[in-house]
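Single-letter residue listing:
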Amino acid sequence: MDPATRPVDMLDAEAATAEVARLAEAIGRANKAYYQDDAPEISDADYDAMLARLMAIEARFPALARPDSPTQGVGARPASGFAPFAHARPMLSLENGFAAADVLDFEARVRRFLSLAPDEPLVLTAEAKIDGLSLSLRYEGGRLVAAATRGDGSTGETVTANARTLADIPHRLPPGAPDPCEVRGEVYLGWEDFAALNAAQDAQGQKRFANPRNAAAGSLRQLDPAVTAARPLRFLAHGWGEMGRLPADTQFGMMQAIAGLGFPVSDTLERVEGAAGALAAWARLEARRPGLGFDIDGVVYKVDRLDWQERLGTVSRAPRWALAHKFPAEQALTRLMAIDIQVGRTGALTPVARLAPVSVGGVVVSNATLHNEDEIARLDLRVGDLVAVQRAGDVIPQVLGVRTPPDAHAALSPFIFPDHCPECGSAAVREPGEAARRCTGGLSCPAQRLERLKHFVSRRALDIEGLAVRSLEQFIAAGWVSTPADIFRLPARRASLAALDGWGEASAANLAAAIESRRAPALDRFLFALGIRHVGEVTARDIARRWASWQAIEALLDALVAHDPPPAPGESPERHGKRLAEEWAARVEVAGVGPEVARALRDFWAEPHNRATVRDLLALVAPAELLHEARASPIAGKTLVFTGTLELSSRDEARATAERLGARVAGSVSSKTDLVVAGRDAGSKLDKARALGVDVIDEQAWTALVSEASHASGA
Ligand code: ZN
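Below is a short write-up of the structure. (Residues numbered from 1 in each chain as written. Predicted model: local features only at pLDDT ≥ 70, side-chain atom pairs only at ≥ 80, totals over all residues. Heavy atoms only, no water.)

Right, let's get into the environment of Asp616. Turning to its location among the elements, Asp616 is positioned in helix α23 (residues 608-618). Between the alpha carbons of Asp616 and Phe642 there is a distance of 42 Å; along the sequence they are 26 residues apart. When neighbours within four sequence positions are excluded, Asp616 is seen to be in contact with Thr483, Ala485 and Arg489. (Helix = DSSP H or I, 4+ residues; strand = E, 2+ residues; numbered from the N terminus. Contact = heavy atoms within 4.5 Å.)

A separate point is the side chain of Thr483. Position of Thr483 among the secondary structure elements: in the loop between α14 (469-477) and α15 (484-487). Judged by relative accessible area, Thr483 falls into the buried class, the value being 16%. Dropping the residues within four chain positions of it, Thr483 is found in contact with Leu443, Leu453, Thr613 and Asp616. (Buried < 20%, exposed > 50% of the residue type's maximum accessible area, 1.4 Å probe, protein only.)

Here the focus is the coordination of the zinc ion. The textbook angles at a metal center are 109.5 degrees for a tetrahedron of four donors and 90 or 180 degrees for an octahedron of six. Protein coordination of the zinc ion is provided by Cys421 (SG), Cys424 (SG), Cys439 (SG) and Cys445 (SG), with donor distances spanning 2.2 to 2.4 Å. Viewed at the metal, the four donor atoms of the zinc ion are separated by angles of 96 to 116 degrees, and the geometry they form is tetrahedral. All donors of the zinc ion come from a single chain, and their spacing in sequence reads C-x2-C-x14-C-x5-C. Residue Cys421 is located in the loop between α12 (406-410) and β19 (428-429), and its partner Cys445 is located in the loop between β20 (437-439) and α13 (449-457); the two are separated by 24 residues in the primary sequence. (Donors = N, O, S within 2.8 Å, 3.2 Å for Na, K, Ca; no water. Tetrahedral: all angles 85-135°; square planar, octahedral: opposite > 155°, others 65-115°.)

All right, on to the sheet that holds strand β10 (residues 296-303) then. Picture the strands of a sheet paired through backbone hydrogen bonds; they go either parallel or antiparallel. Read across the sheet, five strands follow the order β2-β13-β10-β3-β9 without closing on themselves; strand pairing throughout is mixed. The open sheet is flanked by β2 (96-97) and β9 (270-273), the only strands paired with a single partner. Bridge analysis of strand β3 (residues 123-130) against β9 gives four bridges, and the strand direction is antiparallel. Across the sheet, Thr125 pairs through a bridge with Arg271, a residue of β9. Each of β2, β3, β10 and β13 (322-326) is contacted by helix α3 (residues 100-114), which is oriented at about 175 degrees to β13, the strand it contacts most. (Pairing = 2+ DSSP bridges. Axes fitted to C-alpha atoms, helices over the stretch in contact; angles between N-to-C directions.)

Counted according to the given criterion, the structure contains 11 aromatic pairs. Between Tyr188 and Phe294, the ring centres sit 5.1 Å apart and the planes meet at 55 degrees, which makes this aromatic pair tilted. Taken together, the positions of Tyr188 in strand β7 (residues 181-188) and Phe294 in the loop between α9 (274-288) and β10 put the pair 106 residues apart, joining distant regions of the chain. Note on Phe456 and Phe488: the rings are 6.5 Å apart at their centroids and 90 degrees apart in plane angle, and the pair reads as edge-to-face. Of this pair, Phe456 sits in helix α13 while Phe488 sits in the loop between α15 and α16 (494-499), placing them 32 residues apart in sequence. Across this residue pair, the class does not change: Phe456 and Phe488 are buried. The structure contains a cluster of three or more aromatic residues connected by ring pairs, namely Phe526, Trp550, Phe604 and Trp605. Here the basic side chain of Arg546 rests over the ring of Trp547, its NZ or CZ set 4.0 Å away from the ring centre. (Phe/Tyr/Trp six-rings, centres within 6.5 Å; stacked < 30°, edge-to-face > 60°. Lys NZ or Arg CZ within 6 Å of the ring centre and 35° of its normal.)

This is the structure in structure tokens:
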């Protein structure tokens, strides 16, 4: 058999020697063709196969591995992209704590879980948490066979060739090392090396790295290991994965053993007792932090005893036996360049601070959240101010306050929060008790378009079958749909619709039919579908029952908008606003509609964009008038409660009858209840109705009432 095709475990020493020489030569030639001549001679797959075979032979005959072997890193060409690497044991993430209380909780949880006696010591390890990139190194037969990033914790990216270029990572372990042996730690970049790297990036006209962690990640994940080799990356071990055997029975002992195998281990690692010891270690490290020379973002505590770690186990991918205690957020000063207003999907106007870019804890920050207009007023932020900015973890940076000298601050113009939506120009109103100002142009505002349309076609609104959110997005992108009326113009576009990605003749025809079937929606569904703030299904139904036709509702809305008397002498704006809302509510004449809903109805209709959009829609859709029956009935608009056992009809049927006659059925008795129908064995609801003086009738009387009502309405 040709030695070149013989399985590695069937090679004798002589054949292996020949194979190593042959493969090294072939790989060297391929590297030269690839790197120097820019003219690859063999496929990536063939190259990978040769490299894998050479590694396998070297693993079996360690004496044959030459220092200049292509498997030893620099010059070796990684596979196209990064091959996935399945971790033998998942790479877990750590639970974060931010305050001393979190550390005390951690100790208490561990003690409770293990049922430790109060006087039993709980020994923890504490070490600096390096802000870098996690890496797992796998050794088999004492040789580095794979290096992989964390990835999603189960599967990472194979970066073996790149990892080999790090001076801190041994290629071989001393005899007697566990087999397999997986050592895990952090790849990072020191501050000086980071500054030098960014200077070099500048000089070459390349993009600067935002922080040392990004630079370390970008450097390790290079398709060309020669680039990785040129970056002064460092590695610090902090744990392990799969191990053939455990050389110690404590976390601390394990890390000493790993150091003994030739891995750098943090010199901050120490044993402490309980939360008190942990907090003292944290304070020491916080003091040392400015002089460490590399970024750390907290202290990691681990339960020292491995048998306890085993018992504690993990919960949602984080071990119960470890806690990352973060350092407080970092701050910086910078200039507030502008305050932009963003409109959310539900119409809320959110201010965003635009800042002169500033580095906060190594991350360049140029935007910060301002929450709402009260926050701007509270801080008295003015464009041009010098402001303190804080960043904590991955949270959006925050403006803490103004640091401009008072004279200079006074010379700046106060910020005036817009009272119109920057997206659509509709009025933006702030309801009493609400923090956010909202755009009232719901139906016409581009920022709210998708949400409004989603609501419009949803099952409880117009219920247009087959119009998924993804399709809506498609139609919006195609420029076909921007208002509810446009949905009813879709059937006319059937041909182009059928040609759209993911559509066809049949699905286009189905959608067109579903839309056509909704041209006369029930009045309450139509009202609900408009998405007026505070007008939910029940309110829409109550209003529809009282007013019975869209024409009547529109006349009501016009009357609400027209009713706008000026403040009475001495009346405060708040009092005036409240009075108006109460007067609007009275005009709606529906028990469930109070000042809040009435104001929302009025604001909606006061916005000309909305009126235009609704009228556009009404040219294509005719909401069905409510049945005469519901209007004429003596219980229309009343709130009913059924209690006890009904014998002449089921509870469901009684409820449906009541609703058909325009009543609203509630589950419990309150002062708003108009009538209680008490069946057999009625209990506490009946007592309550009597206590409140609510009218009560029995089932016989109810049946008579129904018959009379049905007769009166001609049903
Ligand atoms: Zn808007």
